[in-house]
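# Structural overview
Take a look at the letters that make up each chain.
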Protein chains: 2
Amino acid sequence: MKRNTWQRTAVREALGARDDFVSAQQLHASMKAGGSPIGLATVYRALSDLAEEGDADALRAGDGESRYRACVSAGHHHHLICRSCGRTVEIQADDIEHWAAGVAAAHGFRDPQHVVDVFGTCAACAEVDGA
Amino acid sequence: MKRNTWQRTAVREALGARDDFVSAQQLHASMKAGGSPIGLATVYRALSDLAEEGDADALRAGDGESRYRACVSAGHHHHLICRSCGRTVEIQADDIEHWAAGVAAAHGFRDPQHVVDVFGTCAACAEVDGA
DNA sequence: ACCTTGTTGAGAACGATTCCCGAAATCAGG
DNA sequence: CCTGATTTCGGGAATCGTTCTCAACAAGGT
Ligand SMILES: [Zn+2]
Ligand SMILES: [Zn+2]
Ligand SMILES: [Zn+2]
Ligand SMILES: [Zn+2]
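What this report covers is the structure whose coordinates are included nearby. Please read these numbers as outputs of a predicted model, since none were measured by experiment.

What counts and what doesn't
- Residues numbered from 1 in each chain as written.
- Chains lettered and ligands numbered in written order.
- Predicted model: local features only at pLDDT ≥ 70, side-chain atom pairs only at ≥ 80, totals over all residues.
- Heavy atoms only, no water.
- Helix = DSSP H or I, 4+ residues; strand = E, 2+ residues; numbered from the N terminus.
- Polar contact = N/O pair within 3.5 Å; in protein donor to acceptor, adjacent residues only side chain to side chain.
- Contact = heavy atoms within 4.5 Å.
- Donors = N, O, S within 2.8 Å, 3.2 Å for Na, K, Ca; no water.
- Buried < 20%, exposed > 50% of the residue type's maximum accessible area, 1.4 Å probe, protein only.
- Tetrahedral: all angles 85-135°; square planar, octahedral: opposite > 155°, others 65-115°.
- Salt bridge = Lys/Arg side-chain N within 4 Å of Asp/Glu carboxyl O.
- Arc of directions from axis to C-beta.
- Buried area = accessible area lost by both parts, 1.4 Å probe.
- Nonpolar A, V, L, I, M, F, W, Y, C, P; charged D, E, K, R; others polar.

Time to look at the side chain of His79 of chain B. Residues and elements named next belong to chain B. Within the secondary structure, His79 is located in strand β4 (residues 78-82). A polar atom in the side chain of His79 sits 2.9 Å from the side chain of Asp57. If we ignore the near neighbours within four places in the chain, the residues touching His79 are Phe21, Asp57, Arg69, Thr88, Val89, Glu90, Ile91, Val116, Asp117 and Val118.

A few words on the coordination of the zinc ion (ligand 4). Residues and elements named next belong to chain B. Protein ligation of the zinc ion (ligand 4) involves His76 (NE2), His78 (NE2), Glu97 (OE), Glu97 (OE) and His114 (NE2), the donor distances falling in the range 1.9 to 2.4 Å. Mapped onto the polypeptide sequence, the residues donating to the zinc ion (ligand 4) form the spacing pattern H-x1-H-x18-E-x16-H. Note that His76 is positioned in the loop between β3 (66-70) and β4 and Glu97 in helix α4 (residues 94-106), a separation of 21 residues in sequence. What makes His76 partly exposed here is its relative accessible area of 47%.

What follows concerns the coordination of the zinc ion (ligand 1). Around a metal, the perfect tetrahedron of four donors has angles of 109.5 degrees, and the perfect octahedron of six donors has angles of 90 or 180 degrees. Residue and element names in this part refer to chain A. Coordination of the zinc ion (ligand 1) by the protein is provided by Cys82 (SG), Cys85 (SG), Cys122 (SG) and Cys125 (SG), with metal-donor distances spanning 2.1 to 2.4 Å. With four donor atoms in place around the zinc ion (ligand 1) and angles of 104 to 117° between them, the coordination shape is tetrahedral. Each donor residue of the zinc ion (ligand 1) lies on one chain, and together they are spaced C-x2-C-x36-C-x2-C. Judged by its relative accessible area of 34%, Cys85 falls in the partly exposed class.

Before going further, it helps to examine the pattern of salt bridges. Side chains carrying opposite charge are able to pair once their charged atoms draw close together. All names here are of chain A. The full count for this structure, using the stated rule, is 14 salt bridges over all chains. For Arg12, the salt bridge goes to Glu53, with nearest N and O atoms at 3.9 Å. Separated by 41 residues along the polypeptide, Arg12 in helix α1 (residues 6-16) and Glu53 in helix α3 (residues 40-53) bring together distant segments of the chain. Among the residues examined, Arg12 registers a relative accessible area of 39% and is labelled partly exposed. Residue class for Glu53 comes out partly exposed when judged on its relative accessible area of 42%. Among the charged side chains, a salt-bridge network with shared partners connects Lys2, Arg8, Arg12, Asp49, Glu53 and Asp55.

Moving on: helix α1 (residues 6-16) of chain B. Quick reminder: α-helices carry 3.6 residues per turn. Residues three or four places apart thus point the same way. All names here are of chain B. Of all the residues in α1, the buried ones are Ala10, Val11, Ala14 and Leu15. Angularly, the buried residues of α1 cover 125° about the axis, an arc narrow enough to put them on a single face. Residues of α1 that are buried in the fold lie against β1 (22-23), α2 (24-33), α3 (40-53), β2 (56-60) and β3.

In this section: the interface of chain B and chain A. If you look at the interface, chain B gives 36 residues, while chain A gives 35 residues. Between chain B and chain A, the buried area comes to about 2900 Å², and carbon and sulfur atoms account for 69% of it. When the buried area of chain B at its contact with chain A is split by residue, Arg60, Trp99 and Phe109 of chain B rank highest and sum to 22% of it. In this assembly, chain B and chain A are joined by zero salt bridges. One can count twelve residue pairs in polar contact (both at pLDDT 80 or more) joining chain B with chain A. Among the elements of the structure, β4, β5 (88-91), α4, β6 (110-121) and α5 (123-130) of chain B are those that each provide at least two residues to the side of chain B that touches chain A. Sorting elements by how many residues they give to the side of chain B that touches chain A places β6 of chain B first, with twelve residues. Within the side of chain B that touches chain A, the residues separate by chemical class into 21 nonpolar, eight polar and seven charged.

The structure is reproduced here in structure tokens:
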């Protein structure tokens, strides 16, 4: 049975307080900085639980580090992420879902899953760079 | 200037001899097994060069390991990958390209890139599981 | 052949994540 | 409110993929 500990709640809240993707280590550091005595391993466990339950989005960045973000919209969706500041927009596109399912089916693949992420430089960051 | 060493050629050929995604370590092991004295670091370097030049596809799996595959079709494309045996189908879908570009533009994001991969269990593997 | 300079490779270093395991906490049941 | 069974915690060690270091080496131009 799954128990409710203040640690899990704390991670959930700490993650919810941010609106961009953070790594487990970053989150742990900021929680510690805020006075919480929570352990790093626990943050890892809580985050992977949240991701499994669909309450958080997981994202594997190019540097081999997993980043997490509290889910804003319910249900399946994708992300448009600023590669510079991490600002994130949630995207829902049924076309993509159908396309992915269709591609899998067309080649006889079962239980299709898909990874769809769009990266770019957001307007704010583009301005800073250009300035 | 970029030099041509037998090591780079060997990696290119070893990768081309396979038709699924392999990790740097797997490729290194199989090259060693085949009698090559090539070093692990060199395989890593060669693979990341190949990926940069667009001669190989790179893919970050869920376990945090990078896998590579010789590019069959030229130009930009995506993959449909069997999560069990690694069998891979290259996919080209202009719809997706347009959609990704459109999503980025609609939110003011510049220099869009995207990650689009579809995973599933191929017919052969589904049969084995079911049997 | 000779020199310049990019490349190699063994092992050390690194960094993110997971494992270990004794201690502490949760919660159902009494 | 106790109690006991069982889960979770957490600090540090272990793991594991990848990158770095640096002395020896080799590709190519002249
Ligand atoms: Zn930005
Ligand atoms: Zn989707
Ligand atoms: Zn398969
Ligand atoms: Zn594409």
